[in-house]
Every structure is written in structure tokens, then in C-alpha cells.
Amino acid sequence: GQQLNQSPQSMFIQEGEDVSMNCTSSSIFNTWLWYKQDPGEGPVLLIALYKAGELTSNGRLTAQFGITRKDSFLNISASIPSDVGIYFCAGPFNSGGSNYKLTFGKGTLLTVNP
Amino acid sequence: GAVVSQHPSRVICKSGTSVKIECRSLDFQATTMFWYRQFPKQSLMLMATSNEGSKATYEQGVEKDKFLINHASLTLSTLTVTSAHPEDSSFYICSARPGLPTKNIQYFGAGTRLSVL
């Protein structure tokens, strides 16, 4: 199946620092999604990207859809303690007919030291 | 908008019993819902895709008789873990896809922590 390579696996940063993480794929995606998962909770959608080159912001978060359609990155500016969690990239792939499933990266665990 | 409610959030049961988990889309209709399983410090693993009014499609290696899925309406899907055993203990998460115009976005429930004693 489709695989997404997400890096880094984990990050330890100081409050106020900026953070960057990315996902790459060997296949082309038409959509890139970024989710955040807090401990013991389900993933929450942060940003959805639909066009190559698209740059979209959501507050302090900015994500870009790579020109090659095989990568995406997520930036968090001026991190705060509540940014702690696991960030997942995800992309839909056609599993047959009109059925689409999401494939996920392995996640980036973010720890923010106050 | 796009709220998915999952219930219960936590369940503890004895080995051999069955457990039902509900997933509801509260403010949209979902023709397709998904059930995932997540092990500690790992990504989400898709178990099955559930389409309203039809049989669920299970991923390779997932026992359909063990994990019964029913998608009776456009806002409700249920997962029943039958004859649960300790190895079924895990975090189960559902998601729902509204369809166009949000395309392939899935919205997730808060998850259910299942502990089988």
C-alpha cells in the first residue's frame, strides 16, 4: 500500500521556538492532510491542502503542498506548551472504484519545554 | 461543524464478553465511516471501511467475525468486538467522511480505550 515517510520522529523544543516537520511519498497525492492527536484522544484536523504549491495557514500553523505533489511540510511558529502532541500527515489513495482510504505517516511527537 | 461522537470513551470488560462501540456524526451525514486501531506510540491502523447500508470492507488480517461492523444509518456506525480477549485491548478510533465538497477529509471521534481482563 501507499506509505508516507514522516520526519522527524520526535522533537524536543523550548517554548517560543519554531517547529518544522515534513512528509514525503513515492506516489503522487491530490490531497495532503495534517492532524494533531493529544494523548488519549482522536486526531483533530489542522489543515487540508488540495493543490500543488498551496500554502495554507491556521493561526500559528502553516502547511504547504509540495510542487511535485509527493511531499508536504507543516510549520508551527512561536510554539506554546499546548502544542504538545503527535502530528500526523495523511493522504488519500484510491483503494478501488470510488473508494478512498487515508494513509498516515508514523507521526511526529512534539514536546515543548516551558 | 464536523463533529464525530464516539462512545464509550473507555470500557473494561471480562475476557469472553462482547463490547459495542458507537460512532455518530453529529452535524453531517457520512456515507462512509472508518474504524482504526492504534497501539501505543504507533500510527493509526485501518481495520475496516463501513458504507451505509452495505457490508463493511475489512483490511487484510482483520477478522470480520471478531470485529462486527454495522452502518445502519448515515450518522451511525457501530463496532462490536465479539468474545474479547486481552490481546484485543487497544485504542479504537472511528472516523467519518462527509464527502463533497470536503473531498477526502475524515473527521475522527475521540477514541475508545478497551481493556480486556
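For every chain, the first residue of its written sequence is number 1, and the numbers climb from 1 along that sequence. Starting at A for chains and at 1 for ligands, labels are handed out in the order in which the entities are written. Per-residue local features of the predicted model are confined to residues with pLDDT of at least 70, and side-chain atom pairs are confined, for both listing and counting, to 80 or more; whole-chain, interface and lining totals are unaffected and use all residues. Hydrogens and water are ignored here; the side-chain numbers use all heavy atoms of the structure.

*Asks:* Just checking my understanding: could you explain the overall build of chain B for this structure?
*Replies:* Here a strand is any run of E in DSSP of at least two residues, a helix any run of H or I of at least four, and the numbering for each starts at the N terminus. From N to C terminus, chain B includes zero helices and 11 strands. For chain B, the succession of helices and strands along the chain, N to C, is β-β-β-β-β-β-β-β-β-β-β. For a compact globule of 117 residues, the expected C-alpha radius of gyration is about 13 Å, and chain B comes in at 13 Å, within 12% of that figure. The dimensions of chain B, computed from C-alpha atoms along their principal axes, are 45 × 25 × 20 Å. The buried share of chain B, taken over its 117 residues, is 52%. Note on areas: Shrake-Rupley, 1.4 Å probe, and residue coverage restricted to the protein chains presented here. Carbon together with sulfur atoms contributes 52% to the accessible area of chain B, which is approximately 5700 Å² in total. Charge-centre separation for chain B: the mean point of 12 positive side chains lies 4 Å from the mean point of 8 negative side chains. With C-alpha atoms as the basis for the radius of gyration, the globule rule is written as 2.2 Å multiplied by the number of residues raised to the power 0.38. A simple rule labels every residue: compare its accessible area, found with a 1.4 Å probe on the protein chains alone, to the largest value its type can have, and call it buried under 20%, exposed over 50%, or partly exposed in between. In this tally, Asp and Glu contribute negative charge and Lys and Arg positive charge; neither His nor the terminal groups of the chain are included. Where a charge sits is defined by one atom per residue type, namely NZ (Lys), CZ (Arg), CG (Asp) or CD (Glu).

*Asks:* How should the packing of aromatic side chains be read in this particular structure?
*Replies:* What describes a pair of aromatic rings is the distance from one ring centre to the other and the angle between the planes of the rings. Only centres within 6.5 Å qualify two rings of Phe, Tyr or Trp (six-membered ring in Trp) as a pair; their planes then separate them into stacked at under 30 degrees, edge-to-face at over 60, and tilted for everything else. This structure, assessed with the given rule, holds nine aromatic pairs over all chains. Centre to centre, the rings of Tyr 35 of chain A and Phe 104 of chain A are 6.2 Å apart; their planes meet at 45 degrees, and the pair counts as tilted. Of this pair, Tyr 35 of chain A sits in strand E4 (residues 32-37) while Phe 104 of chain A sits in strand E10 (residues 99-104), and the two are 69 residues apart along the sequence. Each member of the pair, Tyr 35 of chain A as well as Phe 104 of chain A, carries the same accessibility label: buried. For the pair Phe 88 of chain A and Phe 104 of chain A, a centre-to-centre distance of 6.3 Å together with 85 degrees between the ring planes defines the contact as edge-to-face. Pair noted here: Phe 88 of chain A is in strand E9 (residues 85-96) and Phe 104 of chain A is in strand E10, with a separation of 16 residues, a long-range link. A relative accessible area of 0% means that Phe 88 of chain A is categorised as buried. Residue class for Phe 104 of chain A comes out buried when judged on its relative accessible area of 10%. Through successive ring pairs, a cluster of aromatic residues spans Tyr 35, Phe 88 and Phe 104 of chain A together with Tyr 36 and Phe 108 of chain B.

*Asks:* What exactly am I supposed to notice about the nonpolar core here?
*Replies:* Generally speaking, nonpolar side chains in soluble globular proteins are found buried as a group. Residues belong to a common nonpolar core when they are buried Ala, Val, Leu, Ile, Met, Phe, Trp, Tyr or Cys residues joined through side-chain atoms within 4.5 Å. Tyr 35 and Phe 104 of chain A together with Tyr 36 and Leu 114 of chain B are the most contacted members of the largest nonpolar core, which totals 40 residues. Sort the elements by how many residues they give to this core and strand E9 (residues 90-97) of chain B lands first, with five residues. Those residues in contact with Phe 104 of chain A that sit more than four places away from it in its chain are Leu 4, Tyr 35, Phe 88, Cys 89 and Ala 90 of chain A together with Tyr 36, Ser 43, Leu 44 and Phe 108 of chain B. Judged by nonpolar contacts, the second largest core, of 21 residues, contains Met 11, Phe 29, Trp 34 and Cys 89 of chain A. Every residue pair with non-hydrogen atoms within 4.5 Å of one another is taken to be in contact.

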